[in-house]
Amino acid sequence: MAASVELHVRRGLSGAGPGDPGAAGPAEPPPMRIGSGVGGCRGPGRKAGAGGRMAVVPLRPCRAAGRLMPLLCGGARNKGASLSPGVPGRLTQRRKDVLPSPEGPVPSVSITEIRQYLRAQGIPFHDGYSCLHTPSLFTDSRESQPPPPATSVPYTLFIDKTTGSFLCTATLAEGTWQDFQANVELRQRSVSPASSEEVEEDTRRAREDARCIWERAVPLWDLLDEDETNKTKAMFGISLVSDATLKRFGVRYLRTAKSLVFPWFSPRDATLKGLKLMRVEKKGDAISYVEETLPRFDSYRNLFGLPLVSRRDTELVLTGWELDALALHQATGVASLALPRGATCLPPALLPYLEQFRRITLWLGEDLRSWEAAKLFARKLSLKRCSLVRPGDLQPRPLEALNQGLNLTKILRAALPASHKSIVSFRQLREVFGELVNTEQVAGVKWARFPELNKLLKGHRRGELTIFTGPTGSGKTTFISEYALDLCMQGVCTLWGSFEISNIRLAKIMLTQFAAQRLEDQLELYDEWADRFEDLPLYFMTFHGQQNIKTVIDTMQHAVYMYDITHVVVDNLQFMMGHEHLSVDRLAAQDYIVGAFRKFATDNTCHITLVIHPRKEDDEKELQTASIFGSAKASQEADNVLILQDRKLVTGPGKRYLQVSKNRFDGDVGVFPLEFSKASLTFSSIGKSKVRLKKMKEEKALLAKKAPEGGTGASKKP
């Protein structure tokens, strides 16, 4: 095994579409036949979950990429074929019309209202961990027939306690709370609830591509050459994983792409719904695993290992990687599932399939980032039944533990109970040792574009509040968009609340920064960069201008639940407040809003970056922490205060600097210069290093020509 191992996820081989959480397994129908629903990060064309809070727009257009199909299926698809509407090469607006607009949001629903409605309609139910369980409305029983006793009715319909969305695991019917109410009314009129079996074009194409790849892949345990089998298993670090385990989970190998193939079977009829391909890339001593999925990553909802779970199983281990699930099942015999998106997201639509388990142990990885994700997921799954495996040298990820000969059963028994968030013991606080050992990871996610910022803030950490300010016209929105984009490109799930400029204009700025070039001058590159950009875990609130703080907080809460958001950007506070508080104490109202954001960041372990305009001051003076508009509460509540300084020059454009005036993490403060590139709309050095290097070479050559023969090139006074 090489010195360092990274897991890189490249999302999407084909078009998005709805899918069923299934898992690898034999083609025969598994003993436990349960269905699927729509995940939290939805594919195009699906309905949004209920709730006025759902004013969040994921940047996920309906587009199939087909990157590997020429290699895998003999070039069945035209490379230049456009699968999106519009004239090829034309700059078209990419949008997703699956969410309600803020002008007409779907009414929100509370768990109390759901219970009251079910009782009023005479629908039996019982409380689960994350869902309410009821008999299905979509089975063959008719309203005219006397209802059977509640104890004999299978409770196969699950209603999410947070969003009200439902999923029937027997028929795969799913929808919003409003859809559920409509179907109840139809049933009362003796009309069978409508069931849609339509398959979207992108979904159909993804299934065809998946079937093509699956037919070309060969069982990993059945390669003709035993030496090839051993080399392949060694390449993926699974030499100790037995052929019986690989066969049980149905893992195959695709020679042409040198990739492992993990199938996604529908537990309802054992049809192939999609695939995940994993290949190894080596760079020196470092090994990285690159994953690609069919359908696209945002619609790939395969709980790997689900059809192998028995109805009698009450304990489960959730992992963040398919290879970890293989290792865990082989070493312990415990039911083990792999989340489709690892530690990035736990889609709420997968929760119904986890309701049967009384105890769930989350073992997502070996770094502090996966540990934070495990604590976040435990809240969705119900803290009282969850335990967490704390990462450490003696508790690496399951596959590595198997390769090191560690006792995985002993590690599972030592898992910490998630317990109540307000009551802890020192046994649960022994992760302090992990923070002492892994100081770099504790410091947070590092910026790739702003290394100077890493030297001061050390990193981007969850649960903090950052206040950002700067003079009018200095480029606050442009800088903060690149600041957030940098983190988003590293897997930080980001929610943007742009109250000052439109989402279209913001997306254009961020796409230009992402490509580091003006796409208006090279429209033929637009689709390529847009395909990459749409795969980022990036979402936008559809609000603009004045908004009530409760509505904004509810939207953020919904986004954290649905998409596991860990970074929220609010630009800016004054535009969000509008003129609502002119009749009351405006400063007191601002203090209340800042306090609400502070509480949200702490309660949800989510970083909030809040842009606030400064006071009106002399342009010749530099801004200070006290220059932030409002009372001192904003700077007091903030963990970090960043100031974009714009020093005006008479002879030309001003020099910009970023000042860190508060850093609660370790106290380091300072200032560093920024260089703005109008072509790429960036403040970072990305794309400028080559230009600087060329300029330095030209200057050195010029100096060499001017230097006297035999001299050192230094200038001499006459």
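Please refer to the structure higher up on the page.
Cut-offs and rules
Residues numbered from 1 in each chain as written. Predicted model: local features only at pLDDT ≥ 70, side-chain atom pairs only at ≥ 80, totals over all residues. Heavy atoms only, no water. Axes fitted to C-alpha atoms, helices over the stretch in contact; angles between N-to-C directions. Helix = DSSP H or I, 4+ residues; strand = E, 2+ residues; numbered from the N terminus. Parallel < 35°, antiparallel > 145°, perpendicular 65-115°, else oblique. Contact = heavy atoms within 4.5 Å. Nonpolar A, V, L, I, M, F, W, Y, C, P; charged D, E, K, R; others polar. Core = buried A, V, L, I, M, F, W, Y, C linked by side-chain atoms within 4.5 Å. Buried < 20%, exposed > 50% of the residue type's maximum accessible area, 1.4 Å probe, protein only. Disulfide = S-S within 2.5 Å. Pairing = 2+ DSSP bridges. Salt bridge = Lys/Arg side-chain N within 4 Å of Asp/Glu carboxyl O.

## A short note on the packing of helix H2 (residues 111-120) against helix H3 (residues 177-188)
Viewed as axis vectors pointing N to C, H2 and H3 meet at an angle of 5°, and their least axial separation amounts to 12 Å. Between H2 and H3, the crossing angle belongs to the class labelled roughly parallel. Taken together, the residues of H3 that come into contact with H2 (itself represented by Ile114, Tyr117 and Leu118) are Trp177, Phe180, Gln181 and Val184. Residue classes in the contact of H2 with H3 are distributed as six nonpolar, one polar and no charged.

## Thoughts on the nonpolar core
One finds Met556, Ile565 and Phe597 to be the most contacted residues of the largest nonpolar core, which totals 73 residues. Of the residues forming this core, the biggest block, nine residues, is contributed by helix H18 (residues 549-563).

## Side note on the state of the cysteines
Taken as a whole and assessed by the stated rule, the structure comprises zero disulfides. This cysteine, Cys488, is not joined by any disulfide, and Cys493 carries the nearest cysteine sulfur, 7.5 Å off.

## Comments concerning the pairing of strand S19 (residues 494-498)
Counting buried positions over the five residues of S19 gives five, a clear majority of the element. Side-chain alternation along S19 places Thr494, Trp496 and Ser498 on one buried face and Leu495 and Gly497 on a second face that is also buried. Relative to strand S20 (residues 538-541), S19 is paired through three bridges, and the arrangement is parallel. Of the residues in S20, the one forming a bridge with Trp496 is Phe540. Where S19 and strand S21 (residues 567-571) come together, five bridges link them in parallel fashion. The residue of S21 that forms the bridge with Thr494 is His567.

## Concerning the sheet that holds strand S6 (residues 166-168)
Either a parallel or an antiparallel arrangement is found when strands of a sheet pair, and the pairing is made through backbone hydrogen bonds. Spatial strand order, S3-S4-S5-S6-S7: five strands in an open sheet with antiparallel pairing. Unpaired on one side and paired on the other, strand S3 (126-127) and strand S7 (174-175) mark the two borders of the sheet. Sheet topology note: the S3/strand S4 (residues 131-134) ladder contains two bridges and is antiparallel. Along S4, the bridge assignment pairs His126 with His133.

## Considering the packing of helix H16 (residues 503-515) against helix H17 (residues 526-533)
One way to put it is that H16 packs onto H17 with a least axis distance of 10 Å and a crossing angle of 100°. Classed by the angle they form, the pair H16 and H17 counts as roughly perpendicular. Where H16 abuts H17, its residues Ala507, Met510, Leu511, Phe514 and Ala515 lie against Tyr526, Trp529, Ala530, Arg532 and Phe533. For the contact of H16 with H17, the class distribution of residues is nine nonpolar, no polar and one charged.

## Considering the pattern of salt bridges
Taken as a whole and assessed by the stated rule, the structure comprises 29 salt bridges. Two residues, Arg204 and Glu208, come together in a salt bridge whose shortest N-O distance is 2.3 Å. Placement of both Arg204 and Glu208 in helix H4 (residues 201-216) is noted, with a separation of four residues, approximately one turn of the helix. By relative accessible area, which is 34% here, Arg204 ends up partly exposed. According to the relative accessible area criterion, Glu208 is partly exposed, its value standing at 34%. In this structure, Lys380 engages Asp564 in a salt bridge whose closest nitrogen and oxygen atoms are separated by 3.2 Å.

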